Every structure is written in C-alpha cells, then in structure tokens.
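Examining the three-dimensional arrangement
Take a look at the letters that make up each chain.
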Amino acid sequence: MNARFLLCSPDHFDVTFEINPWMTTEQRPDRPSAWRQWRALVANLRAAGAEVFSYESRPGLSDMVFPTDVAVAVGRRFLRGRFRHPERRAEAAYGAAWLIGQGYEELEWPGEPDLYLEGGDTVGFGDTIVCGTGFRTSAEAARYVGVAHGVDVVSVPLVDPRFYHLDMSFCPLDGRRAICATEAWDESGQRAVAELVPEQLVITSEEALTFCANAVVVGETIVMPACPPRVRAQLEEWGFRILVSGVSEFIKAGGGIRCMSLDLDLLRRSTAQQPA
Ligand code: ARG
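This one's a predicted model, so the numbers in the text were calculated from it and none came from an experiment.

A few words now on empty space enclosed by the protein. Summed over the entire model, instances satisfying the criterion amount to three cavities of 30 Å³ or more. Surrounding the second largest cavity, 13 residues form its lining, Phe66, Asp69, Arg88, Tyr164 and Ala253 being those nearest its centre.

Here is the structure:
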C-alpha cells in the first residue's frame, strides 16, 4: 500500500500569534515563497512515491498548513486532535470533516475536559505508537490514543520547548532504525525508545534544530527540510536516498515537513517495513 498524506494549502498561512519558541509576529512568512516551497514539497513527496491529498486552509486559521496535528489516523479510523492552544482548536473540525468525507470512522474521546492531544506528538514505530507528552499532549491522552486505536503506546516526556512535538526529535526510518534527538526527552523516554528501537541514529540538539528529524519517509526515500553532513553520511550508508525540500517559510511558525503532512495511516508503512 502506498504512503498517503494530507497537506493543507498555505493560502492563509501566517504567523499571527506565538505559541512556540520559533514563532515571532515580527518575522512573518513571505506568502509567494511559502507557496513555492509548498508546491515543491508536494512534488517531492510524489517523486518519493507517496500519494498526496490536500485541502484548503481557512481565513483566520494561520497554522492550518500543519494538518499532522489535527488527527491520529490508524487504518481507516481516526481520533480527532484536541489542541492545547485555543488559537488552533477550530482546525480539528476541518480535518475531521475531510477524513469522514474519505470514509474514515471517527473514534470518540471520553468526557474529561483536560485531555490534550496533537498529532505531531504521535509517531508510528512498528506496531507501536510513540507519543510525546508535556508541552502539547497530556500523559492521560497519550494513554487514551492506545486504548482508542487498540495498539501499544510508548510515552516520551519532552523536556526542550524548542522541540515541543515529538516529530521534531524522532523520525522512524524502517522497522529497526530511527533518527533520535535524545536530548529532547527525559530519562524515562530515552530508556523507552532505546528498548523499542534496535538502531538509533542519535543526533545532537544542534542538528535537530535544522528540522532534519521532521521528515517524511517513503520507502527508501527520506524527504527532509535539511540534512546535516554527519546525518546524511549515516543515512546514505544505510541505503536511504535523501531529498531535501526547503521549508524555511514554515519553520518561521515552528513547523517542518512532517508537521505539514498528515500521515493517513500512522502504522501501515512502518509495519510494512519490517526487515526481511
Ligand atoms: N505553529 C504550529 C504550532 O505551534 C506548528 C505546528 C507544528 N506541528 C508539528 N507536528 N510539529 O502548533
């Protein structure tokens, strides 16, 4: 089965509020360059072999260009994101409507009001969902993702506000390997990932600041916002092909390629990639 992603066009993309350390309203994105980078990303994802869908952003929802956060989809079922910040909450309904329109079944949340979950904190590895907690996703919600989808969840408490979603410090490559910016995790998270992932490409926080871990893997191709030389050397030695697709305009909002590409089935590709 193909890797499938949902993107959202940058018509209304902007930095109009500051909810992570990357965002400053003093440095707004340039819309024509954002459009060029977005179109190039779509082309690169397709060149890598992915199927790409997109929907239109809405006026006033300047972060809607990061659809990864709106849902956690596994198979044909999804759990709607519950955004920590009020500025983003309205996005979830648009994402859910698109998924339902495609035939996805929506899973229910329990009644508790204090559950927060943003899709950027959920990453699939094998049959497991690895879930970052602390900045955007609450520990209880991380557990609930596993209950709702009927899969194991490994929680990774995040400690560096610059990497406020797990998908900025953790990028699974196949059934055994992942890029890991371990300094972004607390000790329990480091231990949990070490137990789960047989071969880690550990990167420094400095390397992670290039957004190199906020990448999308399609088979042997990794579509990345940037690739520091040491990281490239290891990935190429492992046989991966690297496609750098610049997204500097989006990094002004604290988001990269993985944030811009909602994986329409979080676990399928990683399970399909178990080593022979
Ligand atoms: N400005 C957005 C926010 O702070 C960026 C979202 C990044 N998404 C991600 N999956 N890391 O929520």
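Sheet strands pair via backbone hydrogen bonds, and the direction of the pair is either parallel or antiparallel. One open sheet holds the three strands; their spatial order is S3-S4-S5, and the pairing between them is mixed. On the outer flanks of this sheet lie strand S3 (71–74) and strand S5 (105–107), each paired with one strand and no other. When the angles between neighbouring strand axes are averaged without regard to direction, this sheet yields 30°. Packing of helix H3 (residues 139–149) onto the sheet brings it into contact with S3, strand S4 (77–80) and S5, and relative to S4 it is tilted by some 155°.

Along the chain, alanine 43 falls in helix H1 (residues 31–47). The sequence separation of alanine 43 and serine 245 amounts to 202 residues, and the corresponding C-alpha distance is 9.5 Å.

All right, on to the sheet that holds strand S2 (residues 51–55) then. If you trace the three strands from one edge of the open sheet to the other, you get S2-S1-S15, paired in mixed fashion. Strands at the two margins of the open sheet, each flanked by one partner only, are S2 and strand S15 (262–263). Examined bridge by bridge, strand S1 (residues 4–8) and S15 share two bridges and lie antiparallel to one another. Within S15, the residue paired with leucine 6 across the bridge is leucine 262.

In this section: the site of the ligand. As a matter of local geometry, the ligand sits amid 16 residues, with Asp63, Arg88, Asp167, Ala253 and Cys259 nearest to it. Asparagine 20 places a side-chain nitrogen or oxygen 2.8 Å from an oxygen atom of the ligand. Between the ligand and aspartate 69 there is a distance of 2.9 Å, counted from a nitrogen atom to a side-chain nitrogen or oxygen. A molecule is said to occupy a pocket when more than half its atoms come within 2 Å of that pocket's grid points, and by this definition the ligand occupies the second largest cavity. Each residue belonging to the shell around the ligand can be placed in one class, and the counts come to six nonpolar, five polar and five charged.

Relative to the helices and strands, asparagine 20 is located in the loop between S1 and H1. Engagement of the side chain of asparagine 20 in a polar contact is seen with the backbone nitrogen of tryptophan 22, the distance being 2.8 Å. The residues touching asparagine 20, leaving out its near neighbours within four places in the chain, are Arg136, Tyr164, Ala253 and Gly254.

Now for H3. Since there are 3.6 residues in each turn of an α-helix, residues three or four apart along the chain are aligned in direction. Listing the buried residues of H3 in full gives Ala141, Ala142, Tyr144, Val145, Gly146, Ala148 and His149. Of the surrounding elements, those touching the buried residues of H3 are S3, S4, S5, strand S7 (128–133) and strand S8 (152–157). Count one or two residues on from H3 and you reach glycine 150, which has phi positive near 65°.

Side-chain positions along a regular strand alternate between the two faces of the sheet. With four bridges joining them, S3 and S4 adopt antiparallel strand pairing. If you follow alanine 73 over to S4, its bridge partner there is phenylalanine 78. Across three bridges, S4 lies against S5 in parallel orientation. What sits directly across from leucine 79, in S5, is leucine 107.

Let us look at the nonpolar core. Counting 65 residues, the largest nonpolar core has Phe170, Ile179, Trp185, Ile203, Met224, Leu235 and Phe250 as the members making the most contacts within it. At five residues, the largest contribution of residues to this core is made by H1.

This part takes up the confidence of the model for the protein chain. Any segment with low pLDDT has predicted coordinates that should not be analysed in fine detail. Here the protein chain averages 96 in pLDDT, while 97% of its residues score no lower than 70. Here residues 269–276 is modelled with pLDDT under 50, and outside its nearest four sequence neighbours on either side it reaches 17 contacts, counting other chains as well.

Where strand S13 (residues 221–224) lies against strand S14 (residues 241–244), four bridges are found, and the strand directions are parallel. Opposite isoleucine 222, over in S14, you have isoleucine 242 as the bridge partner. Crossover S13 to S14 through helix H6 (residues 229–237) is right-handed.

About the thresholds
Starting from 1, residues in each chain are numbered consecutively following that chain's sequence as written. Given that this is a predicted model, residues contribute local features only at a pLDDT of at least 70 and side-chain atom pairs are listed and counted only at 80 or more, while totals for whole chains, interfaces and linings are drawn from all residues. Hydrogens and water are ignored here; the side-chain numbers use all heavy atoms of the structure. Only protein atoms enter the calculation, which uses a 1 Å grid: trapped sets of points that fit a 1.4 Å probe without letting it out are cavities, open sets showing protein on both sides within 12 Å along at least five of seven lines are pockets, and any residue with an atom within 4 Å of a point is a lining residue. Grid points are joined across faces, edges and corners, and a volume is the space filled by probe spheres set on the points. Here the rule is simple: two strands pair whenever DSSP picks up at least two bridges between them. A helix here means a DSSP run of H or I that spans at least four residues, while a strand means a run of E at least two residues long, and both kinds are numbered starting from the N terminus. An axis is simply a line fitted to the C-alpha atoms; with a helix, the fit covers only the stretch in contact. Between two such axes, the angle follows the N-to-C directions and lies from 0 to 180 degrees. Note on contacts: a residue pair is in contact if any heavy atoms of the two residues lie within 4.5 Å. Near is defined per residue: the residue qualifies when any heavy atom it owns lies within 4 Å of the molecule or strand. Side-chain atoms alone can form a polar contact between residues adjacent in sequence; in general such a contact is a pair of N or O atoms within 3.5 Å, and within protein one must be able to donate a hydrogen while the other accepts it. Should more than half of a molecule's atoms lie within 2 Å of a pocket's or cavity's grid points, that molecule is taken to sit in it. Side-chain classes are defined by residue name, with Ala, Val, Leu, Ile, Met, Phe, Trp, Tyr, Cys and Pro counting as nonpolar, Asp, Glu, Lys and Arg as charged, and the others, Gly among them, as polar. Think of it in three bands: residues with accessible area under 20% of the maximum for their type are buried, residues over 50% are exposed, and the middle band is partly exposed, with areas taken using a 1.4 Å probe on protein chains only. Throughout this description, the term nonpolar core refers to a set of buried Ala, Val, Leu, Ile, Met, Phe, Trp, Tyr and Cys residues connected via side-chain atoms within 4.5 Å. Residue-level confidence of the predictor is what pLDDT reports, using numbers from 0 through 100. By convention, a crossover is right-handed whenever its connection, traced from the first strand over the helix to the second and viewed with the strands pointing away, goes clockwise.

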